[in-house]
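A structural walkthrough
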Amino acid sequence: MNKIPLVDLAAAHQEVAEEVEAGFKRVLAATAFVGGPEVAAFEQEYAAFSGLPHCVGVANGTDALELALRAVGVGPGAEVILPANTFIATAEAVARAGARVVLVDCDPRTYLIDVDAALAAVTPATRAIVPVHLYGQLAPVERLRAGLAGRDVTIVEDAAQCQGATRHGRGAGVDGIASTSFYPGKNLGAYGDAGAVVTDSEQWATTVRTLGSHGGLKRYTHDLIGVNSRLDGLQAVVLRAKLDRLATWNARRRAAAARYDELLAGLDVVLPETLEGNEHVWHIYCVRVPRRDEVLAKLNAEGVGAAIHYPIPVHRTGAFEHLGGSFPNAEAVAPQLLSLPIYPQITEEQQVRVADVLARALR
Ligand SMILES: *Cc1c(COP(=O)(O)O)cnc(C)c1O
């Protein structure tokens, strides 16, 4: 049976294999394992790609968000608002920064943070709101920003799933700060863990770099209690090679998403919706189906690598159930969500098979 993976990392590697090998040789020759010229070059290139002056590479996306939050002044006593339907890392980063996690519901059509709910949850203790650009499209940050005018609340964007996405032509972190993850399966994926913070603020960038480097930029000078969270040279080689192709790869994901829209029209599925003004990069193509677990099992049994993002809202996990609360939209959609295989190299033939298997599973 021909398997169709959720993400085909081998196909992506084939496209960059030669460059990666040559780059690895450079890093080995220079023994520039942590930091070094490849990391500096990647930071510059990713900042430019993001339309921002500063990029700081860190060890993973969870650290990136934690350090971004700390850089803007989030700490013990602060409240940080985030959506209940996100990957657990968003909440973990807030908790690790020492702040209180305040969850809000999502829009039932786009699954993006409910902006009105987020603004209604602001209290005098609120220091930040973390919109998550879920599945590859940007949340309406401009509405959050307008609603926060005059308040001392910073928007820290979780851009782990939206590398290259724009809203009204502008990317994540423009006018502020965003964290991202280069986990292998992300649109821009390393060959291990990696992440970054992008920002327009030199001061925030310096603070993130300082925190990630044991609290000091000069050896044995430690001005802050930091952590060890740095990008390594081998990962930077991979990221540079893939960044060169990211715009093309995202365009191929858009074409694949459009093809799914056509193939699935007429089936008993709720198709994904893109917000007006958004250029989506389709990290995940997420539909909603009835009898989801049964449908998922049938897809998997026929070699289709479908998955769920995410089966359990944050407040229903053991780690955060103490928060309590009820988020009807997040709870209503969670048992219906189904992510179909999507990656730049997916073929029309593969997508037709996914649609066929799904149609049969729904019968
Ligand atoms: C992947 C992801 C993260 C965390 O990234 P890691 O590199 O795995 O630490 C955070 N938030 C969201 C929304 C993600 O998808």
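Now for a description of the structure that goes with this document. (Residues numbered from 1 in each chain as written. Predicted model: local features only at pLDDT ≥ 70, side-chain atom pairs only at ≥ 80, totals over all residues. Heavy atoms only, no water.)

**Focus: the site of the ligand**
Surveying the vicinity of the ligand reveals 14 residues, the closest of which are Gly61, Thr62, Asp158, Ser181 and Lys186. Within the backbone of Gly61, a nitrogen or oxygen atom sits 2.7 Å from an oxygen atom of the ligand. Here an oxygen atom of the ligand sits 2.5 Å away from a polar atom, N or O, in the side chain of Thr62. When isolated, the ligand has an accessible area of 380 Å², and the protein chains bury 92% of it. Counting only elements with at least two residues in the shell around the ligand, the list comes to helix H3 (61-71) and helix H4 (88-96). Grouping the constituent residues of the shell around the ligand by class yields 5 nonpolar, 7 polar and 2 charged. (Near = heavy atom within 4 Å. Polar contact = N/O pair within 3.5 Å; in protein donor to acceptor, adjacent residues only side chain to side chain. Areas by Shrake-Rupley, 256 points an atom, 1.4 Å probe, with all protein chains shown as cover. Helix = DSSP H or I, 4+ residues; strand = E, 2+ residues; numbered from the N terminus. Nonpolar A, V, L, I, M, F, W, Y, C, P; charged D, E, K, R; others polar.)

**Re the pattern of salt bridges**
Enumeration according to the criterion identifies 22 salt bridges in this entry. For Arg70, the salt bridge goes to Glu66, with nearest N and O atoms at 3.9 Å. Of the two residues, Arg70 and Glu66 both sit in helix H3, 4 residues apart, roughly one turn of that helix. On the basis of relative accessibility, which here comes to 5%, the residue Glu66 falls in the buried class. With a shortest N-O distance of 3.2 Å, Arg143 and Asp116 are connected by a salt bridge. One end of the pair, Arg143, is in helix H6 (residues 141-147); the other, Asp116, is in helix H5 (residues 115-120), and 27 residues separate them in sequence. Looking at Asp116, the relative accessible area reads 52%, which means it is exposed. Because the salt bridges share partners, they merge into one network encompassing Arg26, Glu38, Glu45 and Arg240. (Salt bridge = Lys/Arg side-chain N within 4 Å of Asp/Glu carboxyl O. Buried < 20%, exposed > 50% of the residue type's maximum accessible area, 1.4 Å probe, protein only.)

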